[in-house]
Amino acid sequence: MRKLIAWTAFCLTLAMGNVGTAWAGKNADMRVAYVLKNMGISRDVQTKLRPLLVSYLADKKVANKPYDSLKDKLKPSIEAGTITEKQAQELLTRKWEAAEKELVVKRQYETKFKTVLSAKKTYLCFDLLNDKKSKVRGEEED
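Quick caveat, the model's predicted, so the values are computed rather than measured.

## Let's talk about the pattern of salt bridges
Going through the model one piece at a time under the given rule, you end up with 6 salt bridges. Taking the shortest distance from any N to any O, the salt bridge between K48 and D44 comes out at 3.7 Å. Of this pair, K48 and D44 both sit in helix α2 (residues 43-80), 4 residues apart, which is roughly one turn of the helix. The class of D44 is partly exposed, set by a relative accessible area of 48%. For D131, the salt bridge identified is with K135, shortest N-O distance 4.0 Å. Residue K135 is classed as partly exposed on the basis of its relative accessible area of 45%. Three or more residues are tied together by salt bridges with common partners; here these are K60, E102 and K106.

In structure tokens:
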């Protein structure tokens, strides 16, 4: 019976990991690879950290989803400079709500990252996660 429970838990863990990976997408995979490459940690620690990074990026994306969706919807008005006061206020409200949710996610993952990394490496990890997309891609900045 214990083996069955352990096997079921193992399968659920694998399934959840695959869902997180599928949710994260190509940009997240690139960012995870960038962070792992630049962390200066052993392969063993990288193996433990990878699923945490994938789930962190997925959770962060969920936290920002309402703001990102509205911003994408209003992008033509924003670029044309025809955004209304009401639309601007809604964007601001969603931006602050997303920032609060993102901070909660970051604090949760600080604790999770510290199960695998030291505080110094956890700080470096968050620093690398916040690098610009151009730096992650290896593009030269002007």
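## So, helix α3 (residues 85-113)
Its 29 residues give α3 an end-to-end C-alpha distance of 41 Å, which sits within 8% of 42 Å, the value for a rise of 1.5 Å per residue. Inspection of α3 places L91, A98, E102, V105, Y109 and F113 among the buried residues, and these make up the whole buried set. Where the residues of α3 are buried, they touch α2 and α4 (119-129).

## Some points on the nonpolar core
By size, the foremost hydrophobic cluster in this structure holds 24 residues, and its most contacted members are L53, F113 and L129. Of all the elements in the fold, those that place two or more residues in this core are α1 (2-39), α2, α3 and α4. Broken down by element, the residue count for this core peaks at 8 residues, all from α2. Dropping the residues within four chain positions of it, F113 is found in contact with L49, L52, L53, Y56, T122, C125, F126 and L129.

## Here we look at the packing of aromatic side chains
For the coordinates displayed, the defined rule picks out 5 aromatic pairs. Plain terms: the ring middles of Y109 and F113 are 5.9 Å apart, the flat faces sit at 55 degrees to each other, and that makes the pair tilted. Within this pair, Y109 and its partner F113 are both found in helix α3, separated by 4 residues, close to a single helical turn. Like F113, Y109 is buried. Ring geometry for F113 versus F126: centroids 5.3 Å apart, planes at 55 degrees, classification tilted.

## So, the packing of α2 against α4
Contact geometry for α2 and α4: axes closest at 13 Å, N-to-C directions at 50 degrees. Viewed along their axes, α2 and α4 adopt a mutual orientation that is oblique. Between α2 and α4 lies a crossing whose hand is right-handed. Only C125, F126 and L129 of α4 make contact with α2, whose side of the interface consists of L53, Y56 and L57. Counted by class, the contact of α2 with α4 contains 6 nonpolar, no polar and no charged residues.

Reading the values: rules and limits
- Residues numbered from 1 in each chain as written.
- Predicted model: local features only at pLDDT ≥ 70, side-chain atom pairs only at ≥ 80, totals over all residues.
- Heavy atoms only, no water.
- Salt bridge = Lys/Arg side-chain N within 4 Å of Asp/Glu carboxyl O.
- Helix = DSSP H or I, 4+ residues; strand = E, 2+ residues; numbered from the N terminus.
- Buried < 20%, exposed > 50% of the residue type's maximum accessible area, 1.4 Å probe, protein only.
- Expected span 1.5 Å × (residues − 1).
- Contact = heavy atoms within 4.5 Å.
- Core = buried A, V, L, I, M, F, W, Y, C linked by side-chain atoms within 4.5 Å.
- Phe/Tyr/Trp six-rings, centres within 6.5 Å; stacked < 30°, edge-to-face > 60°.
- Axes fitted to C-alpha atoms, helices over the stretch in contact; angles between N-to-C directions.
- Parallel < 35°, antiparallel > 145°, perpendicular 65-115°, else oblique.
- Left-handed = near helix turned anticlockwise from the far one by under 90°.
- Nonpolar A, V, L, I, M, F, W, Y, C, P; charged D, E, K, R; others polar.

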